[in-house]
Amino acid sequence: MEKPTNRILSGVQPSGDLHLGNYLGAIKNFVSLQKDYECFFCVVDLHAITVWQEPKVLASKTREVTAAFIASGIDPNKNNIFVQSQVPQHAQLAWLFNCVARMGWLNRMTQFKDKAGKNSENVSVGLFSYPTLMAADILIYLATHVPVGDDQKQHLELTRDIAQKFNNDFKVDLFPIPEPLIFGEATRVMSLRDGSKKMSKSDPSDYSRIMLTDTAENIIQKIKKAKTDPQPLPQNIDGLSSRPEAENLISIFASLQDVSIEKVISEYSGKEFSIFKKDLADLAVSKLEPITVEMNKLMNDISYIDSVLSIGKEKAKQVAEPVLAKTKEIIGFLS
Ligand code: TRP
């Protein structure tokens, strides 16, 4: 089976409204990857239902993530944009991987422990086996690289272990061992109200996050009210230690502007946060408003979104089908 050398797979869950953390941590990076890699961008609805999703909302969020991809600059003609549940090979390979992965490996997954918390007897089985499906998403395309944020590194490690074990057990060289691609500034965007917590759709305060659907006024208000400390911006990066809110705003600025944190600090050192926040608000509006406008336009043209997904589904299947067939043949299934 011919192996690709630079193929990317990544997934975004359609499980809530998209915020700045999703954009800077994932989607914005995808845009820059499309130049150098063959890209598969997947809306992972099978992952979303590991916790309860309202059926009507799920359908509209699935389209919304697709719209966000396109509005952010991912070219649907050059890349494969598709929905996970429409390419059945993901779920089929995930079952095969459930029989490769070991209980001990999955028991170590910190995200499951965090999400299940004290409720571990009452969460879905899917939430536990979530990482084997993620491994299938990646390996069904023989992807070589996966852009990951901090919170997904452990799942990628597990994917590598599954690929390795499958290859060893069956003495084949089918699956690549995919490499993580880690991004620069602001891959981890924190809450605007508490710099020690990740920006999240589940935070009760609207002021903790900037949504991709926010108006310019919303964005300006939220940045104005963002928590900071009374000191001005520091002289250098060391001056950010134990100032999580200051660090977060500066790294958001750096990421939106595509410059280093050092560069932002050197430009603003000694200045008051009120001045910095005004510039950050202008920058955020100038970068996000066009995306919001385009997303709204796309969401009014559902038939276009569905046509993109339909083409994406066919292109994805063309790659996934033979890989699944080969995997089944190796295992010893009748064809
Ligand atoms: N688990 C990822 C998240 O919650 C989403 C995801 C599913 C994914 N499949 C993937 C990411 C494959 C990268 C590659 O963010």
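Engineer: Please clarify how the packing of helix H10 (residues 244–257) against helix H12 (residues 273–299) should be interpreted in this entry.
Structural biologist: Helices that pack against each other are described as a pair by the angle of their axes relative to one another and the distance between those axes. Orientation of H10 relative to H12, taken along the N-to-C sense of each, is 40 degrees, at an axis distance of 10 Å. Accordingly, the angle class assigned to the pair H10 and H12 is oblique. As for the relative orientation of H10 and H12, their crossing is left-handed in sense. Between H10, through Ala246, Leu249, Ile250, Ile252, Phe253, Leu256 and Gln257, and H12, the contact on the second element is made entirely by Phe273, Phe276, Lys277, Asp279, Leu280, Leu283, Ala284, Lys287 and Leu288. Tallied by class, the residues present in the contact of H10 with H12 amount to 12 nonpolar, 1 polar and 3 charged.

Engineer: I keep staring at the packing of aromatic side chains and nothing clicks. Help me out?
Structural biologist: The relation between two aromatic rings is expressed through the spacing of the ring centres and the mutual angle of the planes. Applying the stated criterion across every chain yields a total of 14 aromatic pairs. Aromatic pair phenylalanine 253 and phenylalanine 276: ring centres 5.3 Å apart, planes at 35 degrees, arrangement tilted. Of the two residues, phenylalanine 253 sits in helix H10 while phenylalanine 276 sits in helix H12, which places them 23 residues apart along the sequence. Looking at phenylalanine 253, the relative accessible area reads 5%, which means it is buried. A relative accessible area of 0% places phenylalanine 276 in the buried class. Where phenylalanine 273 meets phenylalanine 276, the ring centres are 5.7 Å apart and the plane angle is 85 degrees; that geometry is what we call edge-to-face. A residue pair is termed a helical-turn pair when its members lie 3 or 4 positions apart in one helix, as phenylalanine 273 and phenylalanine 276 do in helix H12 at 3 residues. Assigned by exposure class, phenylalanine 273 and phenylalanine 276 land together as buried. Among the aromatic residues, those joined into a cluster by ring pairs are Phe97, Phe166, Phe170 and Phe175.

Reading guide: rules and limits
Residues numbered from 1 in each chain as written. Predicted model: local features only at pLDDT ≥ 70, side-chain atom pairs only at ≥ 80, totals over all residues. Heavy atoms only, no water. Axes fitted to C-alpha atoms, helices over the stretch in contact; angles between N-to-C directions. Helix = DSSP H or I, 4+ residues; strand = E, 2+ residues; numbered from the N terminus. Parallel < 35°, antiparallel > 145°, perpendicular 65-115°, else oblique. Left-handed = near helix turned anticlockwise from the far one by under 90°. Contact = heavy atoms within 4.5 Å. Nonpolar A, V, L, I, M, F, W, Y, C, P; charged D, E, K, R; others polar. Phe/Tyr/Trp six-rings, centres within 6.5 Å; stacked < 30°, edge-to-face > 60°. Buried < 20%, exposed > 50% of the residue type's maximum accessible area, 1.4 Å probe, protein only.

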